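So you can see what is in the structure, the chains are spelled out below.
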Amino acid sequence: MNILFATYLVLSAIVLSGFVSATADITYNFNVNNVRVVIYDCLDSGCNSVSGPWFDQSTNTGSITVSYPTELRTPYGYAAYYFSPGYVPQAFNPTWHGTGTSTYDINFNKIQNCYSPVDNLAVINTAYAYEPLVISYTASVSADIRSAFSEADNGVGYVPTDFIAEYYSADTVATLTIKDSNGVTVYSDSIEMTALNGNPLYMDEVRDVQFVWTPDTEGTYTIKISSDVIDNQCSSSIQQSSSKNTEVLPARPIDECYTILNNAVLSNDMPSSGETITISYDKISNYIDASGTTYTPVQTAITYQVFADGVLIDSSSANLQANSDPYTAETYSFDWTFTSGGNYNFVITGIANSPLCSGKTNIQDQISLEIFVPDTDTIPPAITIYYPLNITYPSAVTYMEFTATDPNLESCWYSTDGGITNVSISCSSGVLETVSITSVEGSNTWTVYARDSFGNEAFESVTFTVDTSGTSNDTTPPTITISYPQNTTYTSSVTYMEFTVTDDNLESCWYSTDGGATNISVSCTSGVTQNISLTSVEGTNTWTVYARDSFGNEAFESVTFTVDTSAGDGDSGTSDGTGTKSSSKKAVSYYQAITPAGIEEEKYTPIIELKKEAKKAFDMWTVNLILIILIILITIAIIITLKKKKII
């Protein structure tokens, strides 16, 4: 029995090796080579909590394949992350499932004009907080610095802890610079907030940076805290700063007036053009008597100046009430509306305004706040619906493909009932998105909407018909004509192909230069000559164009030509019969290999590739059937032999 059982196990293992669990094999192609892919299961609708990861692999070839289960592991899909050193991380909420293969392109990028706003600058005499700076008294200099990175609205709330420092935090340097009235730097210090030091600025974090300075010479000084983003995920950066022009006194003030301004803050330190913000600040204005012991709060004459790219564009003034007591600063504010993008600088100057100050030393104070505002955007997103087309389909349409393009793209949604019901979908500028929708019998109108971060909106609709009655079946495949290149010999490289596809219900086109092993989708319009860039190789080349209509009818046309650059310059051909053209047309039933459920990133491989997989699967089943028969025959033979030998 042991021999029989062992034989059975070996043969069964051979057979069952062909019966692997079905999966959706998704190949991701990247625009960089060094990529790590990490995938978790989402445990809620926003992917704020996850389990896993169940996939964590790296590639240095720019491509990786993930086998997703046939059924979703949770109802909320997956939290998929894609990391490449020096690039902004990508994160999506895919719901791939089913069987078959598909491809999807993911492009990594760097951020242009990274900037880390600086506000809330405070320069304080640590011994007498309500008095100006004095020689030999330590000054506390502090400010708030915001991270250059903000969380993206990509449907994935969870951030993998192992990747926070490198990918979700901005390496930033805060620098204190103090210059005298001649512009000479008398003191400087810096704080490096980097992943290397273990203290980078996490996205959306606002951090208080603190310095100390002990002045040793009286005079007027410019005290400035600036930020520089040095993260390698940024292709460029813009320095931001807050500064203060103030006096350092030889001794504590006596029989003098003075003003102290601090803590200038923006209500939104990353504003956009067209937005109104509030700039608030703290002020103290006092008169101190000849004994140096009695402080009297006085009014403050205040001046506001606004500079755009170094040019004064607005100025105003006001007279502020005296603060309620001489020791506590009070807060004031003014509003500003950005009408265009650029580098803005808000300068606030204050000086005591009271008869008590007449003929007395009256020390003014000045603070300034620098902020970058992105350029104005009044152009709405551009939307293109690639599928379905405004034609008649013989079976239900189960998905829509579109692109929304805008440098400030913020959100997308779609409707199948004229905007009565709207469904939000994720989208990335210029990326082909696929969303699962099921059509109804008869006329259908599907609309895609998009909005950018400046409030510009756009929409695009497609109207098509679904007729499953069979009365409108089309059994005629498309007609394909390749006009260039010809079946001849060229003496220089061929760099493009021209072809025309004609069909009343034309749905899609693609081409191959390797006999169908690699297929590349191209746009096509019935009866319109298409021109696509291709590069031939030395020797024989065979280029093939495929087309399919909405009824599943397919056709292809090939041209074979020779490139012989040793024969001389030019691209004129010879008619020596070295090339051949072939074509094929066939009527097939339409089907889809993968049924996505809500993911917007899928792309479908041409149906011809899936048919090859089906044929391979059929061949495997044939082999397996033969092996099963062999198992039965061998098992019977072993049993008969063992019985004859009276072993069993």
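Everything discussed here concerns the structure shown above.
Here's a quick rundown of the structure. (Residues numbered from 1 in each chain as written. Predicted model: local features only at pLDDT ≥ 70, side-chain atom pairs only at ≥ 80, totals over all residues. Heavy atoms only, no water.)

### Comments concerning the side chain of Asp231
Part 1 of the argument: Secondary-structure assignment places Asp231 in the loop between strand S16 (219-229) and strand S17 (240-249).
Part 2 of the argument: Of the buried charged residues, Asp231 lacks a salt bridge, with Lys110 as the closest side chain of opposite charge at 7.5 Å.
Part 3 of the argument: Among the polar contacts made by the side chain of Asp231, one reaches the main-chain amide nitrogen of Asp171 at a distance of 3.0 Å.
Part 4 of the argument: At a separation of 2.9 Å, a polar atom in the side chain of Asp231 contacts the main-chain amide nitrogen of Gln233.
Part 5 of the argument: The contacts of Asp231, once residues within four sequence positions are left out, are Phe149, Ser169, Ala170 and Asp171. (Helix = DSSP H or I, 4+ residues; strand = E, 2+ residues; numbered from the N terminus. Buried < 20%, exposed > 50% of the residue type's maximum accessible area, 1.4 Å probe, protein only. Lys, Arg positive; Asp, Glu negative; His and termini not counted. Salt bridge = Lys/Arg side-chain N within 4 Å of Asp/Glu carboxyl O. Polar contact = N/O pair within 3.5 Å; in protein donor to acceptor, adjacent residues only side chain to side chain. Contact = heavy atoms within 4.5 Å.)

### Overview of the side chain of Asn323
Part 1 of the argument: By secondary structure assignment, the location of Asn323 is in the loop between strand S22 (311-320) and strand S23 (330-337).
Part 2 of the argument: Here the side chain of Asn323 touches Lys283 through a polar contact of 3.3 Å, side chain to side chain.
Part 3 of the argument: A polar atom in the side chain of Asn323 sits 2.7 Å from the backbone oxygen of Asp325.

### Digging into the sheet that holds strand S2 (residues 35-42)
In sheet architecture, strand pairing relies on hydrogen bonds along the backbone and comes in two forms, parallel and antiparallel.
Part 1 of the argument: Across the sheet, which stays open at both edges, the four strands sit in the order S3-S2-S5-S6 with antiparallel pairing between neighbours. Taken across any chain shown, the strands that pair with only one partner, and hence form the sheet edges, are strand S3 (50-59) and strand S6 (90-92). Adjacent strand axes in the sheet meet at a mean angle of 15°, parallel and antiparallel pairs treated alike.
Part 2 of the argument: In this sheet, strand S5 (residues 78-83) lies alongside S2 in antiparallel orientation, the contact comprising six bridges. What sits directly across from Asp41, in S5, is Tyr78. (Pairing = 2+ DSSP bridges. Axes fitted to C-alpha atoms, helices over the stretch in contact; angles between N-to-C directions.)

### A short note on empty space enclosed by the protein
Part 1 of the argument: All chains considered together, the criterion is met by three cavities of 30 Å³ or more.
Part 2 of the argument: Lining the largest cavity are 15 residues, and of these Pro132, Leu133, Lys244, Thr246 and Ile260 sit closest to its centre.
Part 3 of the argument: Of all the secondary-structure elements, those providing two or more residues to the lining of the largest cavity are strand S8 (118-125), S17 and strand S18 (256-266).
Part 4 of the argument: When the residues that make up the lining of the largest cavity are grouped by side-chain class, the tally is seven nonpolar, four polar and four charged. (1 Å grid on protein atoms, 1.4 Å probe; cavity = no way out; pocket = protein on both sides within 12 Å on 5 of 7 lines; lining within 4 Å. Points joined across faces, edges and corners; volume = space filled by probe spheres on them. Nonpolar A, V, L, I, M, F, W, Y, C, P; charged D, E, K, R; others polar.)

### A few points about the state of the cysteines
Part 1 of the argument: Considering all chains together, one arrives at five disulfides under this definition.
Part 2 of the argument: Disulfide pairing is shown between Cys412 and Cys427; the S-S distance is 2.1 Å. The sign of the S-S torsion, about 90°, decides the handedness of the disulfide formed by Cys412 and Cys427: right-handed. Of the two residues, Cys412 is situated in strand S30 (residues 409-415) and Cys427 in the loop between strand S31 (423-425) and strand S32 (433-436); the sequence distance between them amounts to 15 residues. Across the pair, Cys427 and Cys412 agree in class, each one buried. (Disulfide = S-S within 2.5 Å.)

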